[in-house]
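# Descriptive analysis of the structure
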Amino acid sequence: MAAPNSWQTRARGSLLLAACADALGSVFEGQRGLDPERVAEAVDHVASSLCWTDDTAQTLVLAEHLAAHGGRIESDALAAGFADAWSAEPWRGYGHGAVQMLAQINDGTPWREAAQSAFGGSGSLGNGAAMRAAPVGLVPGCSLDEVAVAATASAGVSHVHPEGIDGAVAQALAVAIAARTPKDQGLQVNEVIEAIAARTGAVFAAELRAVPALLAGPAAAISDRYRCDATALGAVPPAIAVFLRHPDDPVALVKEAIGLGGDTDTIAAMAAAICGAHCGEAAVPQPWSAALEQAARVRAAADGLTRSGDAAQRRCEYGSETNGY
Ligand code: AR6
Ligand code: MG
């Protein structure tokens, strides 16, 4: 177990909890009107191994990439990494557009061309760039503006639609803010939302600014307000809302995220990535981490992130210096 309150425990908590939530949510992907008891049964009684999907496969590629490149995005290598991961394990549940794009890259099409031509030339607005963005927020020593720039670069190799990019920016920022806000410090909801919304486009910002009104009421108000589907706009704001409703309670958070229905694995994984960054590795339920596929690789990826970035700035990992969002 990593030292309490260290950056390492936050990075591990984020990636481990996200991978567990991805696996737990994948069983329900695409379903609506879920019975809460069925969800609770699956989350409370993990019987077999927890197998993750493309969300975690791409998150690990991005985390390992950042660790190998000093916390920076090298687009050619990153695109090749995603294409390699897909061709090695195409059965992980990739999105329709993602499969076409990754196959094109493997066939020699430059990633820029493949990403630009997706969906008739509009580019993907799917949540795929957001679902993998947590590692960008886990590079130590970055300002939030630097996180937003890196998230944009990480998204751009596959998602060129502004909403697809904003999804990654919002998710990476939420993780970065959570990692800079120790569990006992508490989160200022409006400050957090404004810090994120100020760094996204107007369409995305408007959806984010609807989150605070949804924090006290029933969870159904979230699935009424957002589509909770495979789009960035439909999935990232509800993930952030679920986190803000359960910042210290991963089990309640995962149940509620899955219970929204729709893109259950991705919304649960994104909410969990933020929660794990806030709470650290100790908050990951032991039966989940014990059952998690390739848990050692997930921890190693988090440790690689912890060593990345500007070592001289690691003293600013969290606390007053970086809490002025
Ligand atoms: N116009 C209309 N619909 C779109 C557009 C567009 N420009 N772009 C995306 N969609 P995709 P991802 C819709 O395929 O982002 C896995 O299940 C379209 O319905 O680019 O990697 C993961 O678990 C498309 O199928 O892949 C995530 O849930 C969908 O958005 C998800 O897929 C996803 O976009 C990640 O998807
Ligand atoms: Mg999904």
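Residues numbered from 1 in each chain as written. Chains lettered and ligands numbered in written order. Predicted model: local features only at pLDDT ≥ 70, side-chain atom pairs only at ≥ 80, totals over all residues. Heavy atoms only, no water.

As recorded in an unreviewed UniProt entry, the chain goes by ADP-ribosylglycohydrolase and comes from Glycomyces algeriensis. Taken from UniProt, the Sequence similarities (unreviewed entry) comment for the chain reads in full: "Belongs to the ADP-ribosylglycohydrolase family." (UniProt positions renumbered as here; feature names shortened; annotations may be inferred.)

Here we come to the site of ligand 1. In the region of ligand 1, 22 residues are neighbours, and Asp55, Gly97, Ser124, His159 and Asp263 sit closest. The separation between an oxygen atom of ligand 1 and a polar main-chain atom of Gly128 is 2.8 Å. Here an oxygen atom of ligand 1 sits 2.4 Å away from a polar atom, N or O, in the side chain of Asp263. For the shell around ligand 1, the elements supplying multiple residues, two or more each, are helix 3 (54–68), helix 5 (96–106), helix 7 (128–131) and helix 16 (264–279). No other element matches the 3 residues that helix 5 contributes to the shell around ligand 1. (Near = heavy atom within 4 Å. Polar contact = N/O pair within 3.5 Å; in protein donor to acceptor, adjacent residues only side chain to side chain. Helix = DSSP H or I, 4+ residues; strand = E, 2+ residues; numbered from the N terminus.)

Right, let's get into the UniProt feature "binding site: Mg(2+)" (unreviewed entry) in the chain. Those residues carrying the UniProt feature "binding site: Mg(2+)" (unreviewed entry) are Thr53, Asp54, Asp55, Asp263, Asp265 and Thr266 in this numbering. For the residues just named, distributed over 214 residues, the greatest C-alpha separation is only 12.6 Å, placing them together at one site. Here Thr53 shows up in the loop between helix 2 (36–44) and helix 3. The residues contacting Thr53, other than those within four sequence positions of it, are Asp22, Ser26, Arg92 and Asp265. (Contact = heavy atoms within 4.5 Å.)

This part takes up the nonpolar core. Core analysis: the largest hydrophobic core is formed by 116 residues, its most contacted members being Ile196, Ile240, Ile258 and Leu292. With 12 residues, the single largest contributor to this core is helix 10 (residues 162–179). Not counting chain neighbours up to four residues away, the residues in contact with Ile196 comprise Ala170, Leu173, Ala174, Ile177, Leu208 and Ile240. (Core = buried A, V, L, I, M, F, W, Y, C linked by side-chain atoms within 4.5 Å. Buried < 20%, exposed > 50% of the residue type's maximum accessible area, 1.4 Å probe, protein only.)

Protein coordination at the magnesium ion (ligand 2): the donors are Glu29 (OE), Asp263 (OD), Asp265 (OD) and Thr266 (OG1), at 2.1 to 2.7 Å from the metal. For the magnesium ion (ligand 2), the 6 donor atoms in the first shell make angles of 74 to 175° at the metal, a pattern classed as irregular. Coordination of the magnesium ion (ligand 2) draws on donor residues from a single chain, spaced E-x233-D-x1-D-T in sequence. Pair noted here: Glu29 is in the loop between helix 1 (7–26) and helix 2 and Asp265 is in helix 16, with a separation of 236 residues, a long-range link. Overall, the relative accessible area of 0% leaves Asp265 in the buried class. (Donors = N, O, S within 2.8 Å, 3.2 Å for Na, K, Ca; no water. Tetrahedral: all angles 85-135°; square planar, octahedral: opposite > 155°, others 65-115°.)

Between helix 1 and helix 15 (residues 250–259), whose axes approach to 10 Å, the crossing angle comes to 40°. The pairing of helix 1 with helix 15 is recorded here as oblique in orientation. By crossing handedness, the relation of helix 1 to helix 15 is classed as right-handed. In contact with Leu17, Ala21, Leu24 and Gly25 of helix 1, helix 15 contributes Pro250, Val254 and Ile258. Residues that form the contact of helix 1 with helix 15 fall into these classes: 6 nonpolar, 1 polar and no charged. (Axes fitted to C-alpha atoms, helices over the stretch in contact; angles between N-to-C directions. Parallel < 35°, antiparallel > 145°, perpendicular 65-115°, else oblique. Left-handed = near helix turned anticlockwise from the far one by under 90°. Nonpolar A, V, L, I, M, F, W, Y, C, P; charged D, E, K, R; others polar.)

Position of Ser124 among the secondary structure elements: in the loop between helix 6 (111–117) and helix 7. The class of Ser124 is buried, set by a relative accessible area of 7%. Separated by 3.0 Å, the side chain of Ser124 and the backbone nitrogen of Gly126 make a polar contact. There is a polar contact of 3.3 Å between the side chain of Ser124 and the side chain of His159.

Further remarks concern the pattern of salt bridges. Across all of its chains, the model carries 12 salt bridges by this definition. Glu194 is the salt-bridge partner of Arg209, the closest N and O atoms lying 2.9 Å from each other. Taken together, the residues Arg209 in the loop between helix 12 (202–208) and helix 13 (220–225) and Glu194 in helix 11 (residues 189–197) connect sequence positions 15 residues apart. Residue Glu194 is classed as partly exposed on the basis of its relative accessible area, which comes to 36%. Linked through salt bridges whose partners overlap, the residues forming this network are Arg12, Glu281, Arg299 and Asp303. (Salt bridge = Lys/Arg side-chain N within 4 Å of Asp/Glu carboxyl O.)

Another point: the environment of Gly71. On the secondary structure map, Gly71 appears in the loop between helix 3 and helix 4 (75–88). Along the primary structure Gly71 and Ala273 are separated by 202 residues, whereas in three dimensions their C-alpha atoms are 18 Å apart. Excluding residues that lie within four positions of it along the chain, Gly71 makes contacts with Leu66, Val139, Ser308 and Gly309.

Here we take up the environment of Ala115. Residue placement: Ala115 occurs in helix 6. Residue contacts for Ala115: discarding those within four places in its chain leaves Met101, Gly123, Gly156, Val157, Ser158 and Val160.

Time to look at the side chain of Arg132. Among the secondary structure elements, Arg132 is positioned in the loop between helix 7 and helix 8 (134–137). The buried charged residue Arg132 lacks any salt bridge partner; its closest oppositely charged side chain belongs to Asp54, at an N-O distance of 8.4 Å. At a separation of 2.9 Å, a polar atom in the side chain of Arg132 contacts the main-chain carbonyl oxygen of Ser154. Contact partners of Arg132, with chain neighbours within four places excluded, come to Asp55, Gln58, Thr59, Leu62, Phe82, Ser154, Ala155, Val157, Ser158 and His159. (Lys, Arg positive; Asp, Glu negative; His and termini not counted.)

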